[in-house]
Amino acid sequence: MPLTLQEAIDRRRTTNGPFDPRPVSLEHQHRLIEAAGRAPSHFNSQPWRFVLIDDPKIRERVADIGGRTMTQLMEGGTFFSRYRKYFRFSAEEMDQRRDGILIDQMPAPLRPFIRQVFSEGAMKVMSKLGVAKLLGDDNRSLIAGSPLLLAVLLTKEEYKPGELSGFYCQLSMGMAVEHIWLTCGDLGMGIQFVSTPMEIPGAWDELKALLNVPDDLELMAVYRLGYLPEEKRRPRIDWKSDQRKRLSQLAFRNTCATPEQDPAEKP
Ligand SMILES: Cc1cc2nc3c(=O)[nH]c(=O)nc-3n(C[C@H](O)[C@H](O)[C@H](O)COP(=O)(O)O)c2cc1C
């Protein structure tokens, strides 16, 4: 049974675990791209392009780059200095802000030290112990084991960073990607960003070369996709990010001076 629109929106999630190894059918691959193509764009310019990557040799090479850049990002403590502010360490903290990432699953011996573990200094110590390498290896296997990778590009004819068209392109691309994301839910698939190559200078250029990206296209994002496995096991260190802000935290009425009122709690 296809999901209703409300179900598709409510169930949309990022998949941070492994996918089922079976290939994504060509029909489903095309459904994803067609769904993206239905997104709105300025003057119907459709500035997006996609590369569907199912060749295991290319996936392995993307995985090598993804794994290596994850290790580099963790090793230098960069990840935690850049992103520490998004991590929450208790349900109360999460409930107050209702945004960010709640680390709610860790091996028991580490739990009392959860805040310290996520500090820059501790990460440097853990790097020495090989944790950064382990996380990189995990990322490598997750990407290599994903039956489908998807690169999203914009045409440079439209995409001009710093100009209004640059903003329009990014807005349009975001909507196209959301269509893909929602369609994944409908097809029993999951999706996750492969973002670490963007964080390490030079790695993005390696990906562009690997994918033969021509001069008139800009490589914007890479995702890994696949069917969701029957049995979903949570990784040893895992998080939740399904909390969302209340209406009063994200909407105003008429002007920004008046927060929208939250509806009364149901008894
Ligand atoms: C621009 C952008 C960048 C993101 N980067 C990553 C990423 O690098 N790795 C990842 O696993 N998820 C990434 N995400 C997914 C978010 O972490 C996720 O959407 C958020 O935590 C809410 O969780 P949910 O998608 O499961 O609802 C990104 C999402 C967006 C929109």
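In short, a report on the structure.

Rules of the game
The residue numbering used here restarts from 1 in each chain and proceeds along that chain's sequence as written. This being a predicted model, a pLDDT of at least 70 is required before a residue's local features are given, and a value of 80 or more before pairs of side-chain atoms are given or counted; all residues contribute to the totals for chains, interfaces and linings. Only hydrogens and water are set aside; all other atoms, that is, all heavy atoms of the structure, feed into the side-chain values. For two strands to be treated as a pair, DSSP must find no fewer than two bridges joining them. In DSSP terms, a helix is any run of H or I states spanning at least four residues, a strand is any run of E spanning at least two, and both are numbered starting from the N terminus. It suffices for a single heavy atom of a residue to lie within 4 Å of a molecule or strand for the residue to be listed as near it. Polar contact criterion, stated in full: a pair of N or O atoms within 3.5 Å, where within protein one must be able to donate a hydrogen and the other to accept it, and residues adjacent in sequence count only if both atoms are side-chain atoms. Exposure was quantified through the Shrake-Rupley algorithm and a 1.4 Å probe, taking into account, for residues, occlusion by the shown protein chains and nothing else. Residue contacts are counted whenever heavy atoms from the two residues lie within 4.5 Å of one another. Helix axes are fitted only over the stretch in contact, all axes being lines through C-alpha atoms; the angle between N-to-C directions runs from 0 to 180 degrees. Pairing of aromatic side chains here covers Phe, Tyr and the six-membered ring of Trp, requires ring centres within 6.5 Å, and sorts the geometry by plane angle: under 30 degrees stacked, over 60 edge-to-face, intermediate tilted. Only protein chains enter the accessibility calculation, which uses a 1.4 Å probe; a residue whose area is less than 20% of its type maximum is buried, one above 50% is exposed, and one in between is partly exposed. Charge over a ring is defined by NZ of Lys or CZ of Arg lying within 6 Å of the ring centre and within 35 degrees of the ring normal. Only buried Ala, Val, Leu, Ile, Met, Phe, Trp, Tyr and Cys residues count toward a nonpolar core, and they belong to the same one when joined by side-chain atoms within 4.5 Å. Each angle is binned into one of four classes, with values under 35 degrees roughly parallel, values over 145 roughly antiparallel, values of 65 to 115 roughly perpendicular, and all other values oblique. Asp, Glu, Lys and Arg are counted as charged, while Ala, Val, Leu, Ile, Met, Phe, Trp, Tyr, Cys and Pro are counted as nonpolar; the rest, among them Gly, fall into the polar class.

**Focus on the sheet that holds strand β3 (residues 101–105)**
Then, in step 1: Strand order in the open sheet formed by 3 strands is β2-β3-β7, and the pairing between neighbours is mixed. Looking at strand neighbours, the two that pair on one side only are β2 (87–88) and β7 (238–240), the edges of this open sheet.
Then, in step 2: Direction of pairing for β2 relative to β3: parallel, over a ladder of 2 bridges. Each residue of the ladder has a partner; that of F87, found in β3, is I101.

**Side note on the site of the ligand**
Then, in step 1: Neighbouring residues of the ligand: R12, R13, T14, I101, Q192, F193, S195, S241 and R244.
Then, in step 2: Contact distances for the ligand include 2.9 Å between an oxygen atom and a side-chain N or O atom of R12.
Then, in step 3: Q192 is positioned with one of its side-chain polar atoms (N or O) 2.7 Å from an oxygen atom of the ligand.
Then, in step 4: Alone, the ligand offers 620 Å² of accessible surface; in the complex the protein occludes 60% of this.

**Brief notes about the side chain of N139**
Then, in step 1: Position of N139 among the secondary structure elements: in helix α8 (residues 131–144).
Then, in step 2: Beyond its immediate stretch of four places on either side in the chain, N139 contacts G66, G67, M70 and T196.

**Points about the sheet that holds strand β4 (residues 148–155)**
Then, in step 1: In spatial order, the strands read β1-β4-β6-β5; together these 4 strands make up an open sheet with antiparallel pairing. The open sheet terminates on both sides in strands that have one partner only, identified here as β1 (48–53) and β5 (189–193). Averaged over all pairs of adjacent strands, the angle between their axes in this sheet comes to 30°, without regard to strand direction.
Then, in step 2: Two strands pair when backbone bridges link them, and β1 and β4 are joined in this way by 6 bridges, in the antiparallel orientation. Residue I53 lies in a different strand from β4, and its bridge partner there is L149.
Then, in step 3: Across the sheet, helix α9 (residues 164–186) lies against β1, β4, β5 and β6 (217–227), angled at about 145° from β5, the strand it touches most.

**Points about the packing of aromatic side chains**
Then, in step 1: Under the definition given, this model contains 7 aromatic pairs.
Then, in step 2: Ring geometry for F79 versus Y83: centroids 5.4 Å apart, planes at 65°, classification edge-to-face. Linking F79 with Y83, this pair stays in helix α4 (residues 78–83), spanning 4 residues, or about one helical turn.
Then, in step 3: Taking relative accessible area as the criterion, Y83 reaches 23% and is therefore assigned partly exposed.
Then, in step 4: With a centroid separation of 6.3 Å and an interplanar angle of 35°, the aromatic rings of Y83 and Y86 are classed as tilted.
Then, in step 5: We classify Y86 as partly exposed; its relative accessible area is 41%.
Then, in step 6: Among the aromatic residues, those joined into a cluster by ring pairs are F79, Y83, Y86 and F87.
Then, in step 7: If you follow R12 out to its NZ or CZ, it ends over the ring of W181, 5.1 Å from the centre.

**Description of the side chain of T155**
Then, in step 1: Examined against the element boundaries, T155 turns out to sit in strand β4.
Then, in step 2: With residues near it in sequence (within four places) discarded, T155 still touches P47, R49, D216 and L217.

**A look at the nonpolar core**
Then, in step 1: Counting residues in each nonpolar core, the largest one holds 30 residues, and the members touching the most others are L207, L219 and V222.
Then, in step 2: Look past the residues within four positions of V222 in its chain and what remains in contact with it is L150, A151, Q192, F193, V194, W204 and L207.
Then, in step 3: In terms of nonpolar packing, the next biggest core, distinct from the first, is built from 26 residues, L154, C169, A176 and M220 among them.

**As for the environment of A122**
Then, in step 1: Position of A122 relative to the elements: it lies in helix α7 (residues 120–128).
Then, in step 2: The exposure class assigned to A122 is partly exposed, which follows from its relative accessible area of 21%.

**Remarks on the packing of helix α3 (residues 56–75) against helix α11 (residues 203–210)**
Then, in step 1: Viewed as axis vectors pointing N to C, α3 and α11 meet at an angle of 180°, and their least axial separation amounts to 11 Å. By the angle class used here, α3 and α11 are roughly antiparallel. In this structure, α3 contributes I58, R61, V62, I65, R68 and T69 to the contact, and α11 contributes A203, E206, L207 and L210.
Then, in step 2: Class assignment for the residues of the contact of α3 with α11 results in 6 nonpolar, 1 polar and 3 charged.

**Some thoughts on the environment of E218**
Then, in step 1: Its place among the elements puts E218 in strand β6.
Then, in step 2: Put simply, E218 and P267 are 49 residues apart on the chain and 52 Å apart in space, counted from C-alpha to C-alpha.
Then, in step 3: Apart from residues lying up to four places away in sequence, E218 is in contact with V152, L153, L154, K156, Y159 and K208.

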